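Descriptive analysis of the structure
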Amino acid sequence: MKTTLNKAIQFAVATAALTFATSGHAADQYSRKALNGYLFEPSISSTSFFGLEEPGSTEFSLSVSLYQLTNKANGAQTYLAYCIEPTVSNVSRTYTADYNYQVTTDVRKLYESSFEASKVDAQSQIAFQLALWELQNDKSNNLRTGALSFADHDKSADGATIDATVAQAEYMLTQAAGYNLTTDSYRYVGFTATGAQTLLGVSAVPEADTWAMMAVGLGLVGLVGRRKQKNEKFA
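None of the values given here were measured: they were computed from a predicted structure.

A few words on the pattern of salt bridges. A full pass over the atoms with the stated rule returns 4 salt bridges. Of the charged contacts, one joins aspartate 152 and arginine 144 as a salt bridge, the two residues approaching to 3.8 Å between their closest N and O atoms. Judged by relative accessible area, arginine 144 falls into the partly exposed class, the value being 26%. For arginine 144, the salt bridge identified is with glutamate 170, shortest N-O distance 3.1 Å. With arginine 144 in the loop between helix 3 (122-138) and strand 6 (148-150) and glutamate 170 in helix 4 (residues 159-177), this residue pair connects regions lying 26 residues apart in the sequence.

Here you go:
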């Protein structure tokens, strides 16, 4: 019985430690690492990208990356992040975390319905980034009109690939619009740096049974502590 109890305590304490490792403090500093990056080059004649198109050019080059942000003081605390400030091209090596960063309901629904799928391949990653920019910055869910828009058929050399990517982004927007948001699976953190684009990072929210195990673990630790005090008192 004692061995079983000790193992339960050890497991619960480890769970609690892991859970607390995902929490942060104001002004935490994070290092940025690009896990992968892709170029998306639609035709200028069929694209509107927040007014940044250059007259005379035939294609508009978009760089899309999925980043990993790691707490410099706690390497166990990491977030996967996408850009949410497309009109700023610079990135920074170091970012400051904003743990109170607020995202819209539409963005939360996009993450709940499509974030995991976005990590599958390059096209899915670019499609998710386009959908996120559309909801976060264009404030709509239509990639055919507005500040971020694409024609029905792209006229660049790789138009077929671009058309398929935009169609996938539209599908993600449709999935998000119809998603029934009841709980959040992710914790959202804004990452900012002077003169650099803002990144939106997410990490998985611990499930209810994890929180329950943490509470049990803390309770058992307290119980053992009280028993130890009693044993020392009467020794």
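A few words now on the packing of helix 2 (residues 105-118) against helix 4. At a minimum axis distance of 8 Å, the contact between helix 2 and helix 4 shows a crossing angle of 110°. Relative to helix 4, the element helix 2 lies roughly perpendicular. Contacts from Asp106, Lys109, Leu110, Ser113 and Ser114 in helix 2 reach Met172, Gln175, Ala176 and Ala177 in helix 4. Residue classes in the contact of helix 2 with helix 4 are distributed as 4 nonpolar, 3 polar and 2 charged.

Counting 49 residues, the largest nonpolar core has Tyr111, Leu130 and Phe191 as the members making the most contacts within it. The element contributing the most residues to this core is helix 3, with 8 residues. For leucine 130, the residues in contact, after removing those within four places along its chain, are Phe40, Leu62, Leu143, Leu148, Phe150, Thr165, Val166 and Ala169.

A separate point is the packing of aromatic side chains. Here the structure, examined in full by the defined rule, presents 15 aromatic pairs. Judged by centre distance (5.1 Å) and plane angle (80°), the rings of phenylalanine 49 and phenylalanine 50 are edge-to-face. Residue classification places phenylalanine 49 among the buried positions, given a relative accessible area of 3%. Between phenylalanine 49 and tryptophan 133 the ring centres are 5.5 Å apart and the planes differ by 70°, which places this aromatic pair in the edge-to-face class. Of this pair, phenylalanine 49 sits in strand 2 (residues 47-49) while tryptophan 133 sits in helix 3, and the two are 84 residues apart along the sequence. Judged by its relative accessible area of 3%, tryptophan 133 is buried. An aromatic cluster is present here, built from Tyr82, Tyr111, Phe115, Phe128, Tyr186 and Tyr188 joined pairwise through their rings.

This brings us to helix 2. Helix length check: helix 2 (14 residues) gives 19 Å between terminal C-alpha atoms against 20 Å at 1.5 Å per residue, within 8%. In the core, the buried residues of helix 2 are packed alongside strand 4 (74-83), helix 3, helix 4, strand 7 (186-192) and strand 8 (199-204).

Take the packing of helix 2 against helix 3 next. Following both chains from N to C, one finds helix 2 and helix 3 inclined at 175°, their axes separated by 10 Å at the closest point. On the basis of their axis angle, the class for helix 2 and helix 3 is roughly antiparallel. Contacts between helix 2 and helix 3 pair Asp106, Val107, Leu110, Tyr111, Ser114, Phe115, Ala117 and Ser118 from the former with Ser124, Gln125, Phe128, Ala131, Leu132, Leu135 and Gln136 from the latter.

Looking now at unusual backbone geometry. Of note in the backbone geometry, phenylalanine 50 takes a positive phi value of approximately 50° without being a glycine. As for its position among the elements, phenylalanine 50 is in the loop between strand 2 and strand 3 (62-71). Judged by relative accessible area, which is 19%, phenylalanine 50 ranks as buried. A positive phi angle, close to 60°, is found at lysine 139, a residue other than glycine. Within the secondary structure, lysine 139 is located in the loop between helix 3 and strand 6.

The next point concerns the pairing of strand 1 (residues 29-40). Note that strand 1 and strand 5 (residues 94-98) share 3 bridges and pair antiparallel. Bridge assignment links glutamine 29 to a residue of strand 5, and that residue is threonine 96. Where strand 1 lies against strand 3, 10 bridges are found, and the strand directions are antiparallel. Bridge pairing links lysine 33 to glutamine 68 in strand 3.

Reading the values: the criteria
Residues numbered from 1 in each chain as written. Predicted model: local features only at pLDDT ≥ 70, side-chain atom pairs only at ≥ 80, totals over all residues. Heavy atoms only, no water. Salt bridge = Lys/Arg side-chain N within 4 Å of Asp/Glu carboxyl O. Buried < 20%, exposed > 50% of the residue type's maximum accessible area, 1.4 Å probe, protein only. Helix = DSSP H or I, 4+ residues; strand = E, 2+ residues; numbered from the N terminus. Axes fitted to C-alpha atoms, helices over the stretch in contact; angles between N-to-C directions. Parallel < 35°, antiparallel > 145°, perpendicular 65-115°, else oblique. Contact = heavy atoms within 4.5 Å. Nonpolar A, V, L, I, M, F, W, Y, C, P; charged D, E, K, R; others polar. Core = buried A, V, L, I, M, F, W, Y, C linked by side-chain atoms within 4.5 Å. Phe/Tyr/Trp six-rings, centres within 6.5 Å; stacked < 30°, edge-to-face > 60°. Expected span 1.5 Å × (residues − 1). Pairing = 2+ DSSP bridges.

Don't take any of this as a statement about function, it's just geometry.
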